[in-house]
Amino acid sequence: MARGADDVDDFITSATFSKPTAYTIAFWYRNSATPSTAVYGGVFACEDNANNSQYAGFWWDHAFGFEQSFAHYDGSFKQAKLTTALAANTWHAIAGTWDGTTIRGFLNGTEEASVAAGALVGTNYQQTVFRIDGNFVGGTAAEASLWSVALSDAEVKSLAGGVPANLIRGESLLQYW
């Protein structure tokens, strides 16, 4: 199911869950325009409701240097920045994994970045599998998914090839829209 976003309170959430020891965030995204340098916002998977803070997810934030990156907060933000610009009006398979020690960012099934990252900081997590917010991050997201494990390169490539999320490690799939 595809969901459009107009940058104002566009989100789907689920119940609070315990701090993850590994995860994968994946979604298809079609931006409505090439982002400008004024863009900020993101698709977040783990938020701390008590502090209104985002701890893991995909960010567009030129003001703070989070250009097209998976960010993970372990006391300081770690970023796996994608190197390929997202073309306007084009569907992109975007995924990020964290295996407990390293975050990795993927675009269209290919790993583009990785960086060491420790355990998430925070206590009151909520799975926010699909949340596009901010300024000029409008577009459409589909197949938003969150797993409690870090998927392998081959599994991420399968997602980018069109294999539905529920057919990849279904026992570890927490959310799928």
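Residues numbered from 1 in each chain as written. Predicted model: local features only at pLDDT ≥ 70, side-chain atom pairs only at ≥ 80, totals over all residues. Heavy atoms only, no water.

A short note on the pattern of salt bridges
Per the counting criterion, the structure on display carries 4 salt bridges. Taking the shortest distance from any N to any O, the salt bridge between arginine 104 and glutamate 111 comes out at 2.8 Å. The salt bridge involving aspartate 153 is made with arginine 104; its shortest N-O contact spans 2.0 Å. Of the two residues, aspartate 153 sits in helix H1 (residues 153-160) while arginine 104 sits in strand E9 (residues 102-107), which places them 49 residues apart along the sequence. Several salt bridges converge on common partners, so that one network encompasses Arg104, Glu111 and Asp153. (Salt bridge = Lys/Arg side-chain N within 4 Å of Asp/Glu carboxyl O. Helix = DSSP H or I, 4+ residues; strand = E, 2+ residues; numbered from the N terminus.)

Examining H1
Where H1 is concerned, the buried positions are Glu155, Val156, Leu159 and Ala160. Taken around the axis of H1, the buried residues stretch over an arc of 145°, which confines them to a single face. At the C-terminal side of H1, glycine 162 shows a positive phi close to 105°. (Buried < 20%, exposed > 50% of the residue type's maximum accessible area, 1.4 Å probe, protein only. Arc of directions from axis to C-beta.)

Description of the packing of aromatic side chains
For the coordinates displayed, the defined rule picks out 1 aromatic pair. Aromatic pair tyrosine 23 and tryptophan 98: ring centres 5.6 Å apart, planes at 40°, arrangement tilted. You can see tyrosine 23 sitting in strand E3 (residues 23-31) and its partner tryptophan 98 sitting in strand E8 (residues 91-98), a full 75 residues away along the chain. Residue tyrosine 23 shares its accessibility class with tryptophan 98, and that shared class is buried. (Phe/Tyr/Trp six-rings, centres within 6.5 Å; stacked < 30°, edge-to-face > 60°.)

As for unusual backbone geometry
When glycine is set aside, most residues are seen to have a negative phi, and most peptide bonds are trans. The backbone phi angle of asparagine 108 is positive, close to 55°, even though this residue is not glycine. Assignment of secondary structure puts asparagine 108 in the loop between E9 and strand E10 (110-116). Its identity is not glycine, yet glutamate 143 carries a phi of approximately 55°, on the positive side. Here glutamate 143 shows up in strand E13 (residues 139-147). Accessibility expressed as a relative area gives 27% for glutamate 143, which makes it partly exposed.

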